[in-house]
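A closer look at the structure
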Amino acid sequence: MSNLSIEIDAGSGFCFGVTTAIKKAEEELASGQTLYCLGDIVHNGMECDRLRQMGLVTINHQQMEQLHNVKVLLRAHGEPPETYELAHRNNIEIIDATCPVVLQLQKRIKERWKEHTAQIVIFGKKGHAEVLGLVGQTEGNAIVIENVDEVMRLDFSRDIYLFSQTTKSLDEFHRIIDYIQSHIAPTANFKSFDTICRSVANRMPSITQFAARHDLILFVCGRKSSNGRVLFNECLRVNPNSHQIEGPDEIDRNWLKDIHSVGICGATSTPKWLMEQCSDAIFKL
């Protein structure tokens, strides 16, 4: 493999929100105190393992109800108001690492919900941590749609305010807007709010170019990552010789036959060190 070239995508790796959350966790853990994290801090098992070894304890909402007088970190995805109310009741100190983009989106949804004049619709993945936090701003009343096919469930005779989970596809969001605009009743108002994070959306064109210039693409990403699914599908569209892996152990040496260049890239939840490990592993195969 002496003539094999490997390039790690400079644009891949943690987004600002994830970087901040991990930095906050590391700072708290450095003080030697126990720190709990509500849900996986990032959708990447190997990074979660690294922080677990440093002392981070991952909990769910039921476990948080049993805790008192401790510190709990809220990850970048954000949380609904009930989580903050629980923390107040149990004297839990919140280390809030909610992404500023998500916080702003929560605020906008809450403000629109208070008007009680329209259906609040969120384009997002049902059950996703960020989406649960957004729906929580409407006391559970927001309608979540996962794709353009689900838009027909809306009541087009009533006003509609459309928002999006920050990591969704910009193209599909615009398809949903087009559908609603062509079906909304003349007596109803429709407003759309482009709340897709540009640090994620802007990765699409760059990863398209990256995938096109290599013989083989290794997309390193946890299976739970929402934006990872979108970005990997784009790699696959441009370069059918693309494989999603969670780490170096999943690299198949058969993929490297008659290959001259390998591109390694990942999601906003993929650490740089993991992509570098995958690069190192190729030369050991």
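Structure shown above.
Reading the values: rules and limits
- In this convention, every chain numbers its residues from 1, walking through the sequence in written order.
- A pLDDT threshold of at least 70 governs which residues receive local features in this predicted model, and a stricter bar of 80 or more applies before side-chain atom pairs are shown or counted, although totals over entire chains, interfaces and linings include all residues.
- Processing note: side-chain calculations cover all non-hydrogen atoms of the structure and skip hydrogens and water entirely.
- Pairing of aromatic side chains here covers Phe, Tyr and the six-membered ring of Trp, requires ring centres within 6.5 Å, and sorts the geometry by plane angle: under 30 degrees stacked, over 60 edge-to-face, intermediate tilted.
- Secondary structure is summarised from DSSP: a helix means a run of H or I of at least four residues, a strand means a run of E of at least two, and numbering begins at the N terminus for each.
- Partly exposed residues are those whose accessible area sits between 20% and 50% of the maximum for their type, while under 20% is buried and over 50% is exposed, using a 1.4 Å probe and protein chains only.
- By definition, two strands form a pair when at least two bridges between them are found by DSSP.
- Orientation is described by lines fitted to C-alpha atoms, with helices fitted over the stretch in contact, and by angles between N-to-C directions that extend from 0 to 180 degrees.
- Residue contacts follow a heavy-atom distance rule, with two residues in contact if any of their heavy atoms lie within 4.5 Å.
- Only buried Ala, Val, Leu, Ile, Met, Phe, Trp, Tyr and Cys residues count toward a nonpolar core, and they belong to the same one when joined by side-chain atoms within 4.5 Å.
- For classification purposes, an angle smaller than 35 degrees is called roughly parallel, one larger than 145 roughly antiparallel, one from 65 to 115 roughly perpendicular, and anything else oblique.
- The crossing is said to be left-handed when, going from far helix to near helix, the turn is anticlockwise and less than a right angle, and right-handed when the turn is clockwise.
- Three residue categories are used. Nonpolar comprises Ala, Val, Leu, Ile, Met, Phe, Trp, Tyr, Cys and Pro, charged comprises Asp, Glu, Lys and Arg, and polar comprises the others, including Gly.

1. Considering the packing of aromatic side chains
Any two aromatic rings considered together are summarised by their centre-to-centre distance and by the angle between their planes. Summed over the entire model, instances satisfying the criterion amount to five aromatic pairs. With a centroid separation of 6.3 Å and an interplanar angle of 15 degrees, the aromatic rings of Phe-123 and Phe-173 are classed as stacked. Here Phe-123, found in strand E6 (residues 119–123), pairs with Phe-173, found in helix H7 (residues 170–183); they are 50 residues apart in sequence, far enough to count as distant. As far as burial versus exposure is concerned, Phe-123 and Phe-173 are alike and both buried. An angle of 90 degrees between the planes, with centres 5.9 Å apart, marks the rings of Tyr-161 and Phe-193 as edge-to-face.

2. A short note on the environment of Glu-82
As for its placement among the helices and strands, Glu-82 is situated in helix H4 (residues 81–89). Owing to a relative accessible area of 45%, Glu-82 belongs among the partly exposed residues under this scheme. Along the primary structure Glu-82 and Gly-133 are separated by 51 residues, whereas in three dimensions their C-alpha atoms are 9.4 Å apart.

3. Observations regarding the sheet that holds strand E11 (residues 242–245)
Across the sheet, four strands lie side by side as E1-E12-E10-E11; this open sheet has parallel pairing. The sheet is open, and its two edges are formed by strand E1 (5–8) and E11, each paired on a single side. Each strand of the sheet is rotated relative to its neighbour by a mean of 20 degrees, with strand direction disregarded. Where strand E10 (residues 216–220) and E11 come together, four bridges link them in parallel fashion. Its bridge partner being in E11, Phe-219 is matched across the sheet by Gln-244. Contacts from helix H9 (residues 203–212) reach E1, E10 and strand E12 (261–266), with the element oriented near 155 degrees to E12. Its contacts with the sheet place helix H11 (residues 272–282) against E1, E10, E11 and E12, and it is angled at close to 155 degrees to E12.

4. Quick notes on the side chain of Glu-150
Among the structural elements, Glu-150 can be located in the loop between strand E7 (143–145) and strand E8 (160–164). Every residue in contact with Glu-150, bar those within four places of it in the chain, is listed here: Lys-126, Val-144 and Ile-145.

5. Comments concerning the nonpolar core
Core analysis: the largest hydrophobic core is formed by 18 residues, its most contacted members being Val-151, Leu-154, Ile-160, Leu-162, Ile-176, Ile-180 and Phe-190. For this core, the secondary structure elements donating two or more residues are E6, E8 and H7. If you tally residues by element for this core, the top one is H7, at four residues. Residues within four places of Phe-190 in sequence aside, it is in contact with Ile-160, Leu-162, Ile-177, Ile-180, Gln-181 and Ile-184.

6. Topic: the packing of helix H5 (residues 100–115) against helix H6 (residues 129–136)
One can describe the packing of H5 onto H6 by two numbers: an axis separation of 8 Å at closest approach and a directional angle of 30 degrees. Relative to H6, the element H5 lies roughly parallel. Between H5 and H6 lies a crossing of right-handed hand. Counting all contacts with H5, which are made through Val-102, Leu-105, Gln-106 and Ile-109, the residues of H6 involved are Glu-130, Gly-133 and Leu-134. Class assignment for the residues of the contact of H5 with H6 results in four nonpolar, two polar and one charged.

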